[in-house]
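Reading the structure
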Amino acid sequence: MTGRVALPRRMAAAAALASALAVVAGGAAPAGAATWSRPASVPGSDGVGFPYAVAVGPDGTAAVAFLRDGVRVAVRRPGGSWTTARKVSRGHGAVTTPDVDVDGRGEVVVAWTENPARPGRPIRGSSFVRVAIRDAGGDWGEPHTAGATPQFFAAAPSLAVNARGDGVLVWRGRRLIPHAHHRIQAAYRLAGGRFAPERTLGEDGIDHRAAIDGDGHAYATWAWARRPFNVPTRLRLAELGALGRWTNPATIAQGHEGGPRIALPGDGAVVLAWRTLEQGIGATRTGLPAVAAVDPAGAIDAVAPIALARTTSMQLAADRSGDVLAIWSPAGPAFDPASTGVDVLSWTVRPRGGTFAPVRSAPGLRAGPLAILADGTAVTVWAHDGIHAAVRPPGGDFQAAEPLRARGRFPALGGGGDVALAVWLRRGALMAAARAG
Amino acid sequence: MRAQPVVRWARRLAAAAAGLLAPAAVLLAPAAVAAGATGAVPGADAAIRFRPFVSVDFARPEPARPLVGFLHGLDERTPDDALIVPLHPADWRGSLYSAPYDRVRSLGARYTLVVSDLWGYPGAGWYGRSAPWEDWGAWTDFVRRLARENRGRDLVWDVWNEPDVPYFWTGSQAQYLEAYRRAEAVIRDELGTAAKIAGPSTAGFSWRWLVALLEFCRQADCRVDALTWHELPYGHAITRIGAHLRRVRAGILSNPGYAVLGLRELDVGEIVGAGDTLHPGELLGYLAQLEHGGVRSAMHACWPESRGFDTCNEHTLDGLLDRQQRRRAPWWALAWYARGARSRAAARSADPAVAVLASRAPSPGAAEVLVGYLDTHDRALPRETGVGIELRGLRRLGFLRGGAVPRVRAWSLTGRGEEPATPVRIPAPGVVEAAPNRIVLLVGRLALHDALLVRLSAPARRGRLRASPPTAAVTAGWTARRAGLRSAP
């Protein structure tokens, strides 16, 4: 499938600069030298539940955002020591769905949804997307409001911050006009600033994701949903253009599309991975794996589907050299009656400026959250009879599964520099294990 | 020459084993033989090998929560505590009138309040009220009043019973979801975080209903603390319960999309279909699957009986007792089950028609294995079967020291319909294979619907387990002869 969309052309310049940065950044320790640390609890996380988020900056600074009487963030310094968890939200309102990112200076940005209702009480009225920032010196600023939303759980702000600190925040937002209840909303910030003002991306959607490249070009993707809800029909992509205006959303694929992920390889293209030919509803949807690269001129190079086994989610990440890795696993029998239930991790690579390579697979592994480190090492973690990780050395195949812990649920993963940090839930506390070169 | 008796005994035992396992082979043929190691009578013909039906590993403790729960059928005095306490009830589901809260709590059970039982059902003229969707204000006022009246009580709020059954709900699914949302908001408004709110409590397992509630709440900002449904097979296979639970655990409980709603537990609000309620083997079949599936609570269903009585209204522990408060066979099976739940050991069956549950220390100085032979409703089964029971990890049983051979005793339990029943002591199953830390027992016959209790205790006379084949064969043959295995089917 090919097509064209109207995206601005200035991505080419961004690609050149990103390429230069990649060369400057240089290599890191060989993948084989790294090992996982012994899992330890994240400070201050006793009594937490789901959700939570983790991110690692280029210098190895890691942040874990979780919910316990508000939003709290524990920071892991590049050397491996943790700060005490700090409450970054104010008051005692209900909070949910935190997202976190870390820039190249070690500045931590965390966003979440907040409602004035006290925790455990019914959600009423508007909720707000709030942001708190910890500067490189370790001081947290007062949280500010990026925008409003009639949603609480489904607002789900998606945050992306680049190395220099520019950031974009995308969420399912507020009611703008009568009878059009929701809109995908976004807010942008320049390094060091606040997320403002709130902008609409013009239509409703679900599964929204944000991305930003090294030059501050921001993108949002989502699944546009035709009513009745939860039946997405089009995969959409918008770019933050000049003067802070978002382009009209472009359709990347149409049919039953959902669950997009987005990566920016630095060659000017926008790479997407998603589920096509979706079945099911909401969080039980499955679809066939699909990938596409949209070049600066708007041409779409899509392989949809790229495999014929249904999956529940795609994962996507770009490394510094501009290679993009997409991974997935077949949906289990719980979601897909035709599933064989066999664990397989499949992946495809799009080399910088190239096309997607044939799919490769590794039996006995599963695809989970994905991170790519500075040297191109890819890491994924998953939960199945414990927490496991698998590592793919640069240009190679995924290696055998490494058990991290016998028990645990809902693993999250961040990666930056030469550090990958896996976090998971275990008996009401967060556990973390780091893999460093 | 000295080896000759050993061979003779071994051959006799092998013949007995072959006869015993003929029906077993029928059952095993289509089933994957899970976990059971292939055993052989040492010295016997190679062809006379068998596979234990069930395998127990006492060295592998398994956390288990006793799934003893009841529906309605309680007042301040009856049934008497003596009939309830041995069952260690963990949950009771009722309307507060059908089972008094204070007594339920004094028995150590958690109370699940079925809100709709107090509002009324279309099949009962809404108890003079109207459908909730015809007057949302009345519905929320009712729920709010109920929440206020029960402030301070530890309740699970089961919003509506079986909204997929027209007797209980004639509105649409969307109207049910709205009724749930409004009730949830009001209960949380009154009771805050402590309130546990459950749904959708469908009459059977319905993936569509379960996902619909969760998806609705993701958009409508309601929360679901406990996901509930009923496992009443209505002619379907009992053995689908395990598959239901595997699907829910993999697709819902482990799904981050739903974890955000605060989903904490799976509750099966009613178990045991009408046709199964008098059979101890079937009861164990339900419980074993539910326990392996990791549900938080399960409550027995109540049904009409042959003489026009309804166990929902009688104080008979949902038919475990007769109207004269005499114990029926399933009462005993549940008592056996309940006392072992706190010290559960890993146990697996190679055949879904044979349920097994093991406990390491149901009472001081004893370990127990419970076996039930159940009609799964999806295939023809022999009226009787033999059962091989592999017991591993014996050294982990505190009462067996130095590799001693445990004393083995057994009781069988046969349902007598609506008549009371008691367990019957039967000859101990034969030890057909013995090795350090491991023995294999052979139960000659277990009738369909029946349950069997095997109790291991310290040997009356100290013995040693020996791994060498001749000695093991002698031990096996001796025990098999005592047990009269050769007369088995």
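Keep in mind the model is a prediction, meaning the values are calculated, not measured.

What chain B contains, in helices and strands, is twelve helices and 20 strands. For chain B, buried positions account for 61% of its 489 residues. In chain B, of all internal contacts separated by at least 6 residues, the share reaching a separation of at least 24 is 72%. Of the roughly 18600 Å² that chain B leaves accessible, carbon and sulfur atoms contribute 50%.

Residue and element names in this part refer to chain A. A large share of strand E34 (residues 429-436) lies buried, amounting to seven of its eight residues. Taken together, the two bridges between strand E3 (residues 40-41) and E34 define a ladder with antiparallel strand orientation. Residue pairing for E34: Ser41 is matched across the bridge by Met431. Taken together, the eight bridges between strand E33 (residues 419-426) and E34 define a ladder with antiparallel strand orientation. Residue Val423 lies in a different strand from E34, and its bridge partner there is Ala432.

Now for the nonpolar core. Residue and element names in this part refer to chain B. With 105 residues, the main nonpolar core has Trp139, Trp157, Trp160, Ile252 and Leu290 as its most contacted residues. Look past the residues within four positions of Trp160 in its chain and what remains in contact with it is Ser116, Trp119, Gly120, Tyr121, Trp126, Pro132, Trp139, Phe168, Trp169, Tyr176, Pro200 and Ser201. Among the nonpolar cores identified, the runner-up in size contains 35 residues, and Phe53, Val54, Ala358 and Val369 belong to it.

Residues and elements named next belong to chain B. Summed over the entire model, instances satisfying the criterion amount to 51 salt bridges over all chains. One salt bridge in this structure joins Arg110 and Glu265, with 2.8 Å as the shortest N-O distance. Here the residue Arg110 occupies a position in strand E6 (residues 110-114), and Glu265 occupies one in strand E10 (residues 265-271), the gap between them amounting to 155 residues. With respect to burial, Arg110 and Glu265 carry one shared label: buried. Here Arg328 makes a salt bridge to Glu305, at a shortest N to O gap of 2.6 Å.

Our focus in this paragraph is the interface of chain B and chain A. In this assembly, 28 residues from chain B lie in contact with 27 residues from chain A. Per-residue buried area on chain B facing chain A is highest for Gln219, Asp221 and Val260 of chain B; these three make up 28% of the total on that side. Joining chain B to chain A, the criterion identifies one salt bridge. In this structure, Asp189 of chain B and Arg124 of chain A form a salt bridge, with 3.3 Å as the shortest nitrogen-oxygen distance. The interface formed by chain B and chain A contains eleven residue pairs in polar contact (both at pLDDT 80 or more). Looking at the side of chain B that touches chain A, the elements with two or more residues in it are helix H6 (173-191), helix H7 (207-220), helix H8 (240-253) and helix H9 (256-259) of chain B. Tallied by class, the residues present in the side of chain B that touches chain A amount to 13 nonpolar, seven polar and eight charged.

Attention now moves to the side chain of Glu314 of chain B. Residue and element names in this part refer to chain B. Among the structural elements, Glu314 can be located in the loop between strand E11 (297-300) and helix H11 (329-340). Among the polar contacts made by the side chain of Glu314, one reaches the side chain of Arg323 at a distance of 3.1 Å. Setting aside chain neighbours within four positions, we find Glu314 in contact with Gly73, Phe309 and Arg323.

One key point about sheets: their strands pair by backbone hydrogen bonds, in either a parallel or an antiparallel sense. Residues and elements named next belong to chain B. An order of E4-E5-E6-E7-E8-E9-E10-E11 is seen for the eight strands of this open sheet, with the pairing classed as parallel. Looking at the sheet topology across the chains shown, the edges are occupied by strand E4 (69-71) and E11. Between one strand axis and the next, the sheet turns through 25° on average, direction left out of account. One ladder, built from four bridges, connects strand E8 (residues 196-202) with strand E9 (residues 226-231); its direction is parallel. Residue pairing for E9: Ala198 is matched across the bridge by Ala226.

When pLDDT is averaged across chain A, the result is 89; 89% of the residues are at 70 or more. Low confidence marks residues 1-31 of chain A, where pLDDT is under 50. Its contacts with residues over four positions away, or in another chain, come to 73 contacts.

All names here are of chain B. Two elements in contact, helix H5 (residues 136-149) and H6, have axes separated by 9 Å at closest approach and are oriented at 35°. As H5 runs across H6, the sense of the crossing is right-handed. Here Trp136, Trp139, Thr140, Val143, Arg144, Ala147 and Arg148 of H5 come into contact with H6, specifically with Gln175, Glu178, Ala179, Arg182, Ala183, Val186, Ile187, Asp189, Glu190 and Leu191. Here the contact of H5 with H6 is composed, by residue class, of nine nonpolar, two polar and six charged.

Our next topic: unusual backbone geometry. In this model, Ala196 of chain A is joined to Pro197 of chain A through a cis peptide bond whose omega is -10°. One can find Pro197 of chain A in the loop between strand E14 (184-189) and strand E15 (198-200). Here the amide bond leading from Gly199 of chain B into Pro200 of chain B is cis, since omega sits at 0°, within 30 degrees of zero. The residue Pro200 of chain B is located in strand E8 in this model. Of note in the backbone geometry, Trp126 of chain B takes a positive phi value of approximately 55° without being a glycine. Relative to the assigned elements, Trp126 of chain B resides in the loop between helix H4 (115-119) and H5.

Residue and element names in this part refer to chain B. Direction vectors running N to C along helix H10 (residues 280-293) and H11 enclose 30°, while the axes themselves pass 8 Å from each other. Between H10 and H11 lies a crossing of right-handed hand. Packed against H10, whose contacting residues are Pro280, Leu283, Leu284, Leu287 and Glu291, the element H11 presents Ala329, Pro330, Ala333, Leu334 and Tyr337 at the interface. For the contact of H10 with H11, the class distribution of residues is nine nonpolar, no polar and one charged.

Definitions and limits used
- The written sequence of each chain sets the order in which its residues are numbered from 1.
- Think of it this way: whatever chain is written first is A, whatever ligand is written first is 1, and the rest follow in order.
- It should be noted that, the model being predicted, local features are given only for residues of pLDDT at least 70 and side-chain atom pairs only at 80 or more, the latter also being counted only at that level, while totals for whole chains, interfaces and linings use all residues.
- Heavy atoms from the whole structure form the basis of all side-chain values; hydrogens and water molecules are not counted.
- A helix here means a DSSP run of H or I that spans at least four residues, while a strand means a run of E at least two residues long, and both kinds are numbered starting from the N terminus.
- Relative accessibility decides the category of a residue: with a 1.4 Å probe and only protein chains considered, values under 20% of the type maximum give buried, values over 50% give exposed, and everything between is partly exposed.
- Whether two residues touch is decided by their heavy atoms; if any such pair falls within 4.5 Å, the residues are in contact.
- Reported accessibility uses the Shrake-Rupley method at a 1.4 Å probe radius. Residues are deemed covered only where the shown protein chains occlude them.
- The pairing criterion is simple: DSSP has to find at least two bridges between the two strands.
- Among the buried residues, those of types Ala, Val, Leu, Ile, Met, Phe, Trp, Tyr and Cys that are joined through side-chain atoms within 4.5 Å form a nonpolar core.
- Between Lys or Arg on one side and Asp or Glu on the other, a salt bridge is scored when a side-chain nitrogen of the former is within 4 Å of a carboxyl oxygen of the latter.
- Buried area: the sum, over both parts, of the accessible surface (1.4 Å probe) that disappears when the two are put together.
- The definition of a polar contact used here is a pair of N or O atoms within 3.5 Å, where within protein one atom must be able to donate a hydrogen and the other to accept one, and adjacent residues in sequence count solely through side-chain atom pairs.
- Under the convention adopted here, Pro, Cys and the residues Ala, Val, Leu, Ile, Met, Phe, Trp and Tyr are nonpolar, Asp, Glu, Lys and Arg are charged, and Gly plus all remaining residues are polar.
- Between N-to-C directions, angles span 0 to 180 degrees; the directions come from axes that are lines fitted to C-alpha atoms, helices contributing only their stretch in contact.
- Per residue, pLDDT captures the predictor's confidence, and it can take any value from 0 to 100.
- What makes a crossing left-handed is the near helix being turned counterclockwise from the far one by less than a right angle; a clockwise turn instead makes it right-handed.

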